[in-house]
Amino acid sequence: MQKWTQLEEKCRECSKCELSKTRTNVVFGVGNPAAQILFIGEGPGENEDLKGEPFVGRAGKLLDDMLKIIGLSREKNIYIANIVKCRPPANRDPLPGEREACADWIYAQIELLKPRIIVCLGRIAATSMIDPEFKITRDHGKWYDKDGIRYMAIYHPAALLRDVHKRPGTFADLKELERMAKKLQEQAPGS
Ligand code: URA
């Protein structure tokens, strides 16, 4: 826990890229640092920048509602972080250089959390964490194994707000996530 707090403190002082100049808050992450499931989004929006917490706007409310269906919550059993910890101006996509500058933080978070499952929320997280060639429309809901961790990507909650037709497919992906989480828990309970 001490290491986690130290990492968070260091991250809050980060000035590795230009985004640090326009941020209000570093958005390090939220949830249970002992969780076995890590969700990774793209980067903070306006509300997140102001509050210093990921997914606190409309997309965050939808994410929380979706997670509840499969028994997950940021208060209890997951951790939520982003690819970039500072808000890109006007909510543009984070630039490749910004993603690269920030990568050490998410890898350090993974190293300490040791999650069994990582769920990427949307294209930016999936292409950063799973495969640069990842296509979210084609590859969402599939499992990928990397360094002993199971990765899956689902549509970003903001995409689900824009297009309700993507929701049934995402519901199926979440049920698959629930199945895998249960299976891993049965194989090695409590670890
Ligand atoms: N979208 C993201 O990808 N992350 C947040 O924290 C908020 C919105």
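Here, the structure is the one placed above.
Predicted model, so just to flag it, every value in this text is computed and none were measured.

Asks: Can you explain helix α5 (residues 96–113)? Please cite residues and give values.
Replies: An α-helix turns once every 3.6 residues. As a result, residues three or four positions apart point the same way. Relative to the 26 Å expected for 18 residues at 1.5 Å per residue, α5 spans 25 Å between its end C-alpha atoms, a close match to the ideal helical length. Of all the bends in α5, the greatest, near 40°, is centred on Cys102. Buried within α5 are the following residues: Glu98, Ala101, Cys102, Trp105, Ile106, Gln109, Ile110 and Leu113.

Asks: Requested: an account of the site of the ligand, with residues and values cited.
Replies: Gly41, Glu42, Gly43, Glu48, Pro54, Phe55, Asn82 and His156 make up every residue found near the ligand. Measuring from an oxygen atom of the ligand, one finds a side-chain N or O atom of His156 at 2.8 Å. For the ligand, whose unbound accessible area comes to 230 Å², protein coverage reaches 90%. When its residues are assigned to classes, the shell around the ligand shows two nonpolar, four polar and two charged.

Asks: Give a description of the packing of aromatic side chains that names residues and reports values.
Replies: Taken as a whole, this structure holds three aromatic pairs when the rule is applied. Residues Trp4 and Phe28 carry aromatic rings whose centres are separated by 5.4 Å and whose planes lie at 65° to one another, so their mutual orientation is edge-to-face. One end of the pair, Trp4, is in helix α1 (residues 2–12); the other, Phe28, is in the loop between α2 (19–22) and β1 (30–31), with 24 residues separating them in the sequence. Of the two residues, Trp4 and Phe28, both sit in the buried class. Between Trp4 and Tyr79, the ring centres sit 5.1 Å apart and the planes meet at 85°, which makes this aromatic pair edge-to-face. On the criterion of sequence distance, the pair formed by Trp4 in helix α1 and Tyr79 in strand β3 (residues 78–82) is long-range, its members being 75 residues apart. Residue classification places Trp4 among the buried residues on the basis of a relative accessible area of 6%. Three or more aromatic residues joined by ring pairs form one cluster here, namely Trp4, Phe28 and Tyr79. Its guanidinium or amino end placed over the ring of Tyr151, Lys146 lies 5.5 Å from that ring's centre, counting from NZ or CZ. The ring centre of Tyr155 lies 5.2 Å from the NZ or CZ of Lys166, which sits over that ring.

Reading the values: rules and limits
- Residues numbered from 1 in each chain as written.
- Predicted model: local features only at pLDDT ≥ 70, side-chain atom pairs only at ≥ 80, totals over all residues.
- Heavy atoms only, no water.
- Helix = DSSP H or I, 4+ residues; strand = E, 2+ residues; numbered from the N terminus.
- Expected span 1.5 Å × (residues − 1).
- Bend = angle between axes of the 7 residues up to and from the residue.
- Buried < 20%, exposed > 50% of the residue type's maximum accessible area, 1.4 Å probe, protein only.
- Near = heavy atom within 4 Å.
- Polar contact = N/O pair within 3.5 Å; in protein donor to acceptor, adjacent residues only side chain to side chain.
- Areas by Shrake-Rupley, 256 points an atom, 1.4 Å probe, with all protein chains shown as cover.
- Nonpolar A, V, L, I, M, F, W, Y, C, P; charged D, E, K, R; others polar.
- Phe/Tyr/Trp six-rings, centres within 6.5 Å; stacked < 30°, edge-to-face > 60°.
- Lys NZ or Arg CZ within 6 Å of the ring centre and 35° of its normal.

Purely spatial values, then, with no claim about function.
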